[in-house]
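Per-entry structural report
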Amino acid sequence: MDYKSITEINELVKSILESEPILSDIYVKGEISNIKYHSRGHLYFSLKDENSKINAVFFNVNNKLLFDPKDGDSVLIRGRINVYPVSGSYQIVVSEMKQDGIGNLYVLFEELKRKLASEGLFDREHKKKIPRFPEKIGIITAKEGAAVRDIITTINRRYPLCEIYLFPSLVQGDGAKENIVRMIRKANETDMDVLIVGRGGGSIEDLWAFNEEIVAREIYNSRIPIISAVGHEIDYTIADFVADLRAPTPTAAAELAVKNKEDIENYLSDAVTRMNKALTNKIDYYSEKINKYKTNYIINNPMKMFDAKINSLNLMKEKIIRLSKIFDNKNAELKLLKERLKQVFINNITKNQNILDQTKLKLDLLNPTNVLEKGYSIIKKDNKIIKDKKDLNIGDNINIIINNGEVLSEVKGIN
């Protein structure tokens, strides 16, 4: 029996596939997944549809593309099928590639991003501050893998004072989004200071759990500040936009969560130096003041100051006594002046009373009513006193005023 080697089989498959005319120049439509750029200018990715996928390579892509391909892009490709005998795998070697609209996952990503942004879930005012010196850090990721190892190693190296708690979760595939939500809720029942939520790199499908709406809303509702750490630096998920802080990688998330112990030691050393300098300056300042006090005349001769105050007080007492005597003299003068003024007022009042009495007597003599009491009368015409008979005419009505009344008369004759 003729046994074939593995190499012979792979070479046979290679020759059969590569000799098939249909496969030597084929046109394929599919969605890019797990794309990787090589430093030499090559592009490696998977091409898939709803049910299958195939590996693809595009050599020396520089100046051959009119767009920047990324995971989720739907593309139209021309190429040939190639077999790599070493691994027994086959792939499509791309010669031409152009866009064919936008992949379904990317459409879903953009729709959810717009929806949550309109609701304010990405707004900066909702971002919680990451504590400067956390004591307890929770990690929500797969319990095995490079991501959790990188995070724990980085934290222990930079800041070994804090405690690390792992909340293991599925990070891709069926049930991943529900598992992530459950772990965030569980962590919020503890006294964690900060949470790191994420995973390592992968295709857009691998990272899709972090693009789910329920995960985004749970991150937003978390009481504990959350740092997202999903994929590599070029990967962005909905979780990155809603988290309180986004890290480009899991390792970077650990660096953002804790300070470097060397930086802290340097900071504390500088703080001690600054405090010592400030304390020395204070000591020098008060020492100088104490020296000034030591040479102060008053402080060194307190009784001198007391004697000066006693002398000043005695002088003030003597001055008060002198002023008191002056006050008594002035008070006696004031009383004498008051008596004199009182006598002057009395004399003036008596004098004025006498003048008033004399004036009253003269007025009484001139008062016409006093004449009426003696039997005389006053004649008035038109309310004017008649002094001459020329002022009267026969028939005039006149008023004759007597002592106790008034008589109305008519002039009958004038003699």
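On a predicted model such as this, the values are computed, not experimentally measured, just so you know. Within any chain, residue numbers begin from 1 and follow the written order of that chain's sequence. pLDDT decides what is reported in this predicted model: residues at 70 or higher carry local features, side-chain atom pairs at 80 or more are listed and counted, and totals for whole chains, interfaces and linings draw on all residues regardless. Excluding hydrogens and water, the side-chain figures rest on all heavy atoms present in the structure.

Looking now at the overall build of the protein chain. A count of helical and extended segments in the protein chain gives 12 helices and 14 strands. Atoms considered for the radius of gyration are the C-alpha atoms alone. The globule rule reads 2.2 Å times the number of residues to the power 0.38. Here the C-alpha radius of gyration of the protein chain, 61 Å, is well above what a compact globule of 415 residues would show, namely 22 Å. Dimensions along the principal axes, computed over C-alpha positions, put the protein chain at roughly 200 × 95 × 45 Å. Across the 415 residues in the protein chain, those meeting the buried criterion constitute 31%. Only runs of H or I of at least four residues qualify as helices and only runs of E of at least two qualify as strands under DSSP, and these elements are numbered from the N terminus. Note on exposure labels: buried denotes an accessible area under 20% of the residue type's maximum, exposed denotes more than 50%, and partly exposed covers the range between, all computed with a 1.4 Å probe on protein chains only.

For the rest of this paragraph, the subject is the environment of Pro69. The topology assignment puts Pro69 in the loop between strand S3 (53–58) and strand S4 (73–84). C-alpha separation for the pair Pro69 and Asp284, spaced 215 residues apart in sequence, amounts to 69 Å.

Put simply, a salt bridge is a Lys or Arg side-chain nitrogen that is within 4 Å of an Asp or Glu carboxyl oxygen. This structure, assessed with the given rule, holds 17 salt bridges. One salt bridge connects Glu31 with Lys48, and the closest N-O pair in it is separated by 3.9 Å. Placement of Glu31 in strand S1 (residues 26–37) and of Lys48 in strand S2 (residues 43–48) is noted, with a sequence separation of 17 residues between them. Classification of Glu31 as buried rests on a relative accessible area of 11%. Arg185 is paired through a salt bridge with Glu218; the nearest N and O atoms lie 3.1 Å apart. Of this pair, Arg185 sits in helix H5 (residues 176–187) while Glu218 sits in helix H6 (residues 213–221), placing them 33 residues apart in sequence. Within this structure, Lys115, Glu119, Glu213 and Arg217 form a network of salt bridges that share partners.

As a further point, take the environment of Leu392. Secondary-structure assignment places Leu392 in the loop between strand S12 (384–385) and strand S13 (397–402). Put simply, Leu392 and Ala209 are 183 residues apart on the chain and 140 Å apart in space, counted from C-alpha to C-alpha. Working rule for contacts: check all heavy atoms of both residues, and any pair within 4.5 Å makes them a contact. Not counting residues up to four positions away in its chain, the partners in contact with Leu392 are Lys381, Ile386, Ile398, Val411 and Ile414.

On to the side chain of Arg158. By the element assignment, Arg158 lies in helix H4 (residues 146–158). We score Asp and Glu as negative and Lys and Arg as positive, and we do not count His or the chain ends. Glu255 provides the closest opposite charge to the buried, unpaired Arg158, separated from it by 4.9 Å. A polar contact of 3.4 Å, which involves the side chain of Arg158, links it to the backbone oxygen of Glu255. Look past the residues within four positions of Arg158 in its chain and what remains in contact with it is Glu255, Val258, Lys259, Asn260 and Lys261. Here a polar contact means two N or O atoms within 3.5 Å. Within protein one must be a hydrogen donor candidate and the other an acceptor candidate, and residues neighboring in sequence count only if both atoms are side-chain atoms.

This part takes up the sheet that holds strand S6 (residues 136–141). What the five strands build is an open sheet, ordered S7-S6-S8-S9-S10; its pairing is parallel. Two strands lie at the open edges of the sheet, namely strand S7 (163–168) and strand S10 (245–246), each paired on one side alone. Paired strands are those between which DSSP finds at least two bridges. Pairing between S6 and strand S8 (residues 194–199): four bridges, direction parallel. Residue pairing across strands places Ile139 opposite Ile196, the latter belonging to S8.

This brings us to unusual backbone geometry. A positive phi angle, near 50°, is found at Asn60, a position not held by glycine. Along the chain, Asn60 turns up in the loop between S3 and S4. For Asn60, a relative accessible area of 44% gives the class partly exposed. The phi angle at Asp382 is positive, at roughly 55°, despite the residue not being glycine.

A separate point is the sheet that holds strand S11 (residues 378–381). An order of S12-S11-S13-S14 is seen for the four strands of this open sheet, with the pairing classed as antiparallel. The two strands at the open ends of the sheet, each matched to only one other strand, are S12 and strand S14 (405–410).

A word on the packing of H4 against helix H8 (residues 250–257). Geometry is summarised by axes, namely lines fitted to C-alpha atoms with helices restricted to the contacting stretch, and by angles between N-to-C directions that run from 0 to 180 degrees. It is the contact of H4 with H8, at a shortest axis distance of 8 Å, that shows an interaxial angle of 30°. As judged from the angle between their axes, H4 and H8 are roughly parallel. With respect to the hand of their crossing, H4 and H8 are arranged in right-handed fashion. Along its contact with H4, which presents Ala147, Asp150, Ile151, Thr154, Ile155, Arg157 and Arg158, the element H8 presents Pro250, Thr251, Ala254 and Glu255. Ten residues, namely Ala, Val, Leu, Ile, Met, Phe, Trp, Tyr, Cys and Pro, are considered nonpolar, four, namely Asp, Glu, Lys and Arg, are considered charged, and the remaining ones, Gly among them, are considered polar. Of the residues assigned to the contact of H4 with H8, the class counts are five nonpolar, two polar and four charged. For classification purposes, an angle smaller than 35 degrees is called roughly parallel, one larger than 145 roughly antiparallel, one from 65 to 115 roughly perpendicular, and anything else oblique. The sense of a crossing depends on the near helix, which, turned anticlockwise from the far helix by less than a right angle, makes the crossing left-handed and, turned clockwise, makes it right-handed.

This paragraph deals with the packing of aromatic side chains. Each pair of aromatic rings taken from Phe, Tyr and Trp, with Trp reduced to its six-membered ring, is defined by centres within 6.5 Å and is described as stacked if the planes are under 30 degrees apart, edge-to-face if over 60, and tilted in the remaining cases. Under the defined criterion, the tally for this structure stands at three aromatic pairs. Consider the rings of Phe122 and Phe241, whose centres lie 5.5 Å apart with planes at 35°: the pair is tilted. Of this pair, Phe122 sits in the loop between helix H3 (104–118) and S6 while Phe241 sits in helix H7 (residues 238–242), and the two are 119 residues apart along the sequence. An aromatic cluster is defined as three or more aromatic residues linked by ring pairs; in this entry it consists of Phe122, Tyr236 and Phe241.

So, about the pairing of S11. Relative to S13, S11 runs antiparallel, the two being bridged by three bridges. Bridge pairing in S13 links Ile379 to Ile400. The pairing of S11 with S12 spans two bridges and is classified as antiparallel. The partner of Lys380 across the bridge, within S12, is Ile385. Between the end of S11 and the start of S12, which pair antiparallel, lie two residues, with Asp382 showing a positive phi angle near 55°.

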